[in-house]
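Structural characterization, general
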Amino acid sequence: CLRKIMLSSDHLLSLVNDILDVSRIESGKMSFNEDIVSLPDAVIEVQGMFGEKAAASGVDLTIDVDNVAHPQVVTDPLRLNQILVNTVGNAVKFTPAGGTVAIAAVREEATGDVLVTVSDNGIGIASENQERIFERFFQVDSSATRIYSGSGLGLALVREYAVAQGYTVTVESVLGEGSAFTVRIPASAVVELDEDE
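Remember, predicted model here, so these are calculated numbers, not experimental data. In this numbering scheme, every chain counts its residues from 1 along its sequence in written order. This being a predicted model, a pLDDT of at least 70 is required before a residue's local features are given, and a value of 80 or more before pairs of side-chain atoms are given or counted; all residues contribute to the totals for chains, interfaces and linings. No hydrogens and no water enter the side-chain calculation; it runs on all heavy atoms of the structure.

A few words now on the pattern of salt bridges. When a carboxyl oxygen of Asp or Glu lies within 4 Å of a side-chain nitrogen of Lys or Arg, that pair is called a salt bridge. Taken as a whole, this structure holds five salt bridges when the rule is applied. R107 is the partner of E192 in a salt bridge, and the nearest nitrogen-oxygen pair spans 2.7 Å. With E192 in the segment after β7 (178–185) and R107 in strand β4 (residues 100–107), this residue pair connects regions lying 85 residues apart in the sequence. The closest approach of N and O atoms between R159 and E131, which form a salt bridge, is 2.8 Å. With R159 in helix α5 (residues 154–164) and E131 in the loop between β5 (114–120) and α4 (142–148), this residue pair connects regions lying 28 residues apart in the sequence. Taking the relative accessible area as the measure of exposure, E131 reaches 52% and is therefore exposed. Here a helix means four or more residues in a row that DSSP labels H or I, a strand means two or more in a row labelled E, and each is numbered from the N terminus. Classification of residues uses two cut-offs on accessible area relative to the type maximum, computed with a 1.4 Å probe and protein chains only: under 20% is buried, over 50% is exposed, and between them is partly exposed.

If you want it as structure tokens, here you go:
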């Protein structure tokens, strides 16, 4: 009973924080605190947060960050964490037992940008809804809301946190086959290391 109370309290706190962030964004009072963050460490932390939940749902949660060149970025650690938590949380939620959720980070050679992609082989998103899912409070349909629950704020905040820091967020999805959300962190935010470091 105590565990259920704690989980419900955490869910409620998360919802309240999301609503407060929407209010701050609307009033222009959202603040960002930049720091140098290890991208692999940030991804590993989120994997740890969702590992138990994914395993309990029969979902394999994997990461691939070993080969990302120059893995440090200048970002707001809290907002980067929220971007990862919301995208990974959605992927785990909408992937059935036996499915896979993968988090990968790579340095794009042509641009120098870092691409962080959260992909799954879950229920997917119809093409007509792939932009609408980034709207506040949008739910694909009422039946999905009843089955999966949620406020419809997670992905909206992902895009707003990203855009405010100069990132972009895109989605590629096929209904019934899965989705891939990609956060593009520009080369200007990447900490370049000396060759001997």
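Time to look at the packing of aromatic side chains. How two aromatic rings sit relative to each other is set out by the distance from centre to centre and by the angle between their planes. Pairs were defined over the aromatic rings of Phe, Tyr and Trp, the Trp ring being its six-membered one, requiring ring centres within 6.5 Å. Orientation was assigned from the angle between planes: stacked under 30 degrees, edge-to-face over 60, tilted for the rest. Scanning the model with the defined rule gives one aromatic pair in all. In this arrangement the basic side chain of R79 is found over the ring face of F32, its NZ or CZ atom lying 5.8 Å from the centre. The ring of F134 has R159 sitting right over it, with the charged end atom 3.8 Å from the ring centre. Each ring is checked for a lysine NZ or an arginine CZ that lies within 6 Å of its centre and within 35 degrees of its normal; such an atom marks a charge sitting over the ring.

Now for α5. Among the residues making up α5, those that are buried are L155, A156, L157, V158, E160, Y161 and A162. With its phi angle positive at about 85°, G166 sits one or two positions after the end of α5.

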